[in-house]
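The chain contents come next:
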Amino acid sequence: MNISEIITSYKEELGPDITLVAISKTKPVSDILEAYNAGQRIFGENKIQEMTEKWEALPKDIQWHMVGHVQTNKVKYMAPFVSLIHAVDSLKLLKEINKEAIKNNRSIDCLLQIKIAEEDSKFGISVEEAREILHSETYSKFTNVKVTGLMGMATFTNDMVQVKNEFEYLKTNFDTLQKKYPELKILSMGMSSDYKTAINCGSNMVRIGSSIFGERNTH
Ligand SMILES: *Cc1c(COP(=O)(O)O)cnc(C)c1O
């Protein structure tokens, strides 16, 4: 199948309630346009500079999601256009996003990345830290940044029981937090290799790269 056919089949499979973020990192603008022409409008990147270059080159009705780790000093480059930042892991970063959003006269939606994987390499904070952020007076005073959900990445393993346990853990905590903070609506979990498990565990946003655009050489 080509990119366009793959997009169409994912749209059918996911239906209206699960959002597909097409992860286009390292892939050329021509690939993104092919997906765009098949109706895809949400793309995800993990490097701010690469995302900014693609934003400049591509149609302006694309919604750009930053799914990678964000350095505070680079927020300013994406603040004019980013649609959702998936991997927020501190109050300090939220503060910077709020500041840059104000400068651009817009509001920026963010997800808190919760560490659910075993590996040390995965970024993210604990559920307890997420609760502290949402509860804090500092956060309540931010006018132009809004936490709209949670994101998690499962351990990179073939053991789908473990993956399922990690996703279920996040879903359970998402549900608990949502009762107190109804503005939490997005649960971003699931990639090419584990999106089916993620959906079974209650994900409503999947981030799929290699099974749409093919394997990447790097990352
Ligand atoms: C690269 C990436 C993905 C997509 O991974 P695939 O295995 O190619 O589907 C999803 N989420 C994040 C945070 C990524 O960096």
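What counts as what
Residues numbered from 1 in each chain as written. Predicted model: local features only at pLDDT ≥ 70, side-chain atom pairs only at ≥ 80, totals over all residues. Heavy atoms only, no water. UniProt positions renumbered as here; feature names shortened; annotations may be inferred. Buried < 20%, exposed > 50% of the residue type's maximum accessible area, 1.4 Å probe, protein only. Helix = DSSP H or I, 4+ residues; strand = E, 2+ residues; numbered from the N terminus. Arc of directions from axis to C-beta. Contact = heavy atoms within 4.5 Å. Near = heavy atom within 4 Å. Polar contact = N/O pair within 3.5 Å; in protein donor to acceptor, adjacent residues only side chain to side chain. Areas by Shrake-Rupley, 256 points an atom, 1.4 Å probe, with all protein chains shown as cover. Nonpolar A, V, L, I, M, F, W, Y, C, P; charged D, E, K, R; others polar.

An unreviewed UniProt entry lists the protein chain under the name Pyridoxal phosphate homeostasis protein, from Antarcticibacterium arcticum. The annotation that UniProt attaches to the protein chain under Sequence similarities (unreviewed entry) is "Belongs to the pyridoxal phosphate-binding protein YggS/PROSC family." Its UniProt record gives the protein chain a comment under Cofactor (unreviewed entry), which states: "pyridoxal 5'-phosphate".

Caption draft 1: The arrangement of helix H6 (residues 127–135) in detail. For H6, the set of buried residues is Val127, Ala130, Ile133 and Leu134. Buried residues in H6, looked at end-on, bunch into an arc of 120°, giving them a common side. Looking at the buried positions of H6, the neighbouring elements they touch are helix H5 (91–103), strand E5 (108–115), helix H7 (137–140), strand E6 (145–153) and helix H8 (160–180).

Caption draft 2: Looking closely at the environment of glutamine 63. Positionally, glutamine 63 belongs in strand E3 (residues 63–66). Judged by relative accessible area, glutamine 63 falls into the partly exposed class, the value being 35%. A C-alpha to C-alpha distance of 8.5 Å links glutamine 63 and glycine 44, two positions 19 residues apart in sequence. Excluding anything up to four places from it in sequence, glutamine 63 contacts Arg41, Ile42, Phe43 and Ser83.

Caption draft 3: Summary view of the site of the ligand. Neighbouring residues of the ligand: Ile23, Lys25, Val67, Met153, Met191, Ser192, Arg207, Ile208, Gly209, Ser210 and Arg216. One nitrogen or oxygen atom from the side chain of arginine 207 is found 2.9 Å from a nitrogen atom belonging to the ligand. Its free accessible area being 390 Å², the ligand has 90% of it covered by the protein chains. The class makeup of the residues in the shell around the ligand is five nonpolar, three polar and three charged.

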